[in-house]
Amino acid sequence: MGLTIKGTGMYVPDVIADNDDFAKIVDTSDEWITTRTGIKTRHITNGELAFQMGAEAARMAIKDAGIEVEDVDMVLGTTVTADCLTPSMACLVAKEIGIEDAVCMDLNAACAGYVFALDIAQKYLECGDCKTVLIVSSEIVTRMVDYTDRSTCVLFGDGAAATVVTKGDGLYSSVIKSSPQGADKIFTKLPVPENPFKTGTADWGDERMNDAPTGFMQMQGNDVYKFATTAMPQAVEAAAEKAGISLEEIDLIIPHQANIRIVQTAMKRLKMPKEKCYVNIQDYGNISSACIPLGLCQLKEQGQLKKGDKICVVGFGAGLTYGAAIFEW
Ligand code: COA
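All residue numbers refer to position in the chain's written sequence, counted from 1. Under the rules for a predicted model, residues below a pLDDT of 70 receive no local features and side-chain atom pairs below 80 are neither given nor counted, while totals for whole chains, interfaces and linings still include all residues. Neither water nor hydrogens contribute to the side-chain values; these are computed over all heavy atoms in the structure.

Caption draft 1: Here's a closer look at the overall build of the chain. The helix and strand inventory of the chain stands at 11 helices and 13 strands. Radius of gyration here is computed from C-alpha atoms only, and the compact-globule reference equals 2.2 Å multiplied by the residue count raised to the power 0.38. Relative to its length of 329 residues, the chain is compact, with a C-alpha radius of gyration of 19 Å against a globular reference of 20 Å. Based on the C-alpha atoms only, the size of the chain along its principal axes is roughly 55 × 45 × 40 Å. Throughout, exposure labels follow a simple rule: accessible area from a 1.4 Å probe, protein chains only, divided by the maximum for the residue type, with under 20% read as buried, over 50% as exposed, and the rest as partly exposed. Taken over 329 residues, the chain has a buried fraction of 55%. Charge centroids of the chain, computed over 30 positive and 44 negative side chains, lie 5 Å from each other. The numbering of helices and of strands both runs from the N terminus, where a helix is a DSSP run of H or I of at least 4 residues and a strand a run of E of at least 2. The charge count treats Lys and Arg as positive and Asp and Glu as negative. His and the chain ends do not count. By convention, the point assigned to a charge is CZ for Arg, NZ for Lys, CD for Glu and CG for Asp.

Written as structure tokens, this is what we have:
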């Protein structure tokens with residue numbers, strides 16, 4: 001059984017920071033950021049919360065799908081930067097858009113979150129427990145950005161995208177995977193709780209994690225780069241094999257937008273032409289799990305998706321997580 005992306009929506013904050021803005025706060029330059037990452041600008045929250053951005057994107061997706069909020073029977077939130085530890089962002093989005101009764105939950109698979117959500121949505125649709133799944137991917141990555149660390153702060157932006165997903169007849173396959181031994185390659189620690197009874201000290205079992213400050217993303221960029229350029233091609237190949245198609249049959253790849261050089265290397269390894277790959281990193285930077293659905297939304301709005309197109313979405317992220325899904329438009 002396939003799936004249909006019935007509607008798409010997106011929301012990005014109005015505040016935009018370009019590379020020259022970053023050159024004023026850390027020792028960097030437009031030239032370095034552009035050549036090393038492909039990023040020119042990113043949108044940054046001006047007070048909008050993740051659930052509010054998600055709700056805007058969700059309203060647009062529901063309208064685009066031509067359905068009513070009552071039709072949604074599952075809301076899957078994907079985020080690593082939710083506004084609350086509890087309740088889930090999905091619950092907050094559902095409340096905001098007026099949903100009375102639906103399964104609402106978040107999943108955290110970092111930047112691969114949208115691919116993981118598609119995999120789960122398809123399974124719920126296939127078993128019949130749900131008929132209309134609203135995937136809301138909303139991230140305020142700047143919430144955990146250290147604006148004194150030039151190696152990470154220039155990479156990330158904020159934004160949201162949503163898709164309404166229903167059953168479909170076309171081709172579908174997805175492969176989701178994790179390499180948890182790389183969990184220390186990207187992480188953001190929460191503070192260890194203080195309480196009146198505590199006498200011990202937390203030990204993360206890892207020197208780097210013990211020493212890291214709380215609240216700010218820590219990343220071993222080179223290791224993540226190496227992982228991504230191997231994991232992305234592997235995931236695409238595995239999804240194509242599962243779907244029983246060749247790589248040549250894929251019409252379009254929408255990859256996670258972390259670094260243009262990662263995307264280009266992955267495409268090269270797949271021996272696929274770069275024209276088949278959608279890139280918007282120059283405008284948004286890395287918005288974690290919202291990158292891929294935001295790309296889908298833009299492509300749909302631009303009328304660039306044709307019925308029957310075989311689309312492959314592929315992501316990777318902290319965890320380390322990775323995966324790819326192939327579906328027919
Ligand atoms: N401006 C100027 N110089 C910078 C810089 C910046 N914004 N960030 C890092 N540098 C410097 C480093 O300090 C280092 O200087 P040194 O040689 O004096 O020590 C030099 O540039 C090279 O650093 P390096 O880390 O080797 O650069 P790189 O080419 O690997 O690019 C990343 C760094 C982070 C852009 C790259 O590794 C990357 O994209 N990794 C993947 C990250 C990712 O995808 N994360 C999200 C996962 S979802």
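Right, picking up where we left off after that structure.
Caption draft 2: Just the nonpolar core, in detail. Take the buried residues of types Ala, Val, Leu, Ile, Met, Phe, Trp, Tyr and Cys, join any two whose side-chain atoms come within 4.5 Å, and each joined set is a nonpolar core. Counting 47 residues, the largest nonpolar core has V236, I250, I253 and F316 as the members making the most contacts within it. Mapped by element, the contributors of at least two residues to this core are helix 8 (221–243), helix 9 (260–269), strand 12 (310–317) and strand 13 (321–328). Here this core takes 10 residues from helix 8, the largest share from any one element. In this entry, domain limits derive from an automatic or database-based domain assignment. When residues of this core are assigned to domains, at least three fall in each of domain 1 (2–168) and domain 2 (173–183 + 215–328).

Caption draft 3: Structural view of the domain arrangement of the chain. On domain assignment, one finds that the chain holds domain 1 (2–168) and domain 2 (173–183 + 215–328). Once you take the C-alpha centre of each, domain 1 and domain 2 turn out to be 16 Å apart. Two parts lose some accessible area (1.4 Å probe) when they are put together, and adding that loss for both gives the buried area. Regarding the contact of domain 1 and domain 2, the summed buried area is about 3,600 Å², with carbon and sulfur atoms giving 66% of it. Together, C111, V115 and F116 form the three largest contributors to the area buried by domain 1 at its contact with domain 2, with a combined 17%. The rule for a salt bridge is simple: a side-chain nitrogen of Lys or Arg has to be within 4 Å of a carboxyl oxygen of Asp or Glu. The interface formed by domain 1 and domain 2 includes 1 salt bridge. D64 is the salt-bridge partner of K300, the closest N and O atoms lying 2.5 Å from each other. Pairs of N or O atoms within 3.5 Å make up the polar contacts considered here, provided that, within protein, one atom can donate a hydrogen while the other can accept it, and that residues adjacent in sequence are counted only when both atoms are side-chain atoms. Between the two partners, domain 1 and domain 2, sit 16 residue pairs in polar contact (both at pLDDT 80 or more). For the side of domain 1 that touches domain 2, the secondary structure elements donating two or more residues are strand 1 (2–11), helix 2 (30–37), strand 3 (41–43), helix 3 (50–65), helix 5 (113–127), strand 6 (133–140), helix 6 (150–153) and strand 7 (158–168). Class assignment of the residues belonging to the side of domain 1 that touches domain 2 gives a composition of 22 nonpolar, 17 polar and 10 charged. Under this grouping Gly is polar, as are all residues other than the nonpolar Ala, Val, Leu, Ile, Met, Phe, Trp, Tyr, Cys and Pro and the charged Asp, Glu, Lys and Arg.

Caption draft 4: Inspection of the sheet that holds strand 4 (residues 74–78) at higher detail. Reading across the sheet, the 5 strands line up as 1-7-6-4-5 and stay open at both edges, with mixed pairing between neighbours. The open sheet terminates on both sides in strands that have one partner only, identified here as strand 1 and strand 5 (103–107). Sheet twist, expressed as the mean angle between neighbouring strand axes with direction ignored, is 20°. Note on pairing: DSSP must find at least two bridges between two strands before they are called paired. Across 5 bridges, strand 4 lies against strand 6 in parallel orientation. By the bridge assignment, G77 is partnered in strand 6 with V136. Taken strand by strand, helix 3 contacts strand 1, strand 6 and strand 7, and its axis lies near 130° from that of strand 1. To get an axis, a line is fitted to the C-alpha atoms, and for a helix only the part in contact is used. The angle between two axes follows their N-to-C directions and goes from 0 to 180 degrees. Note on contacts: a residue pair is in contact if any heavy atoms of the two residues lie within 4.5 Å.

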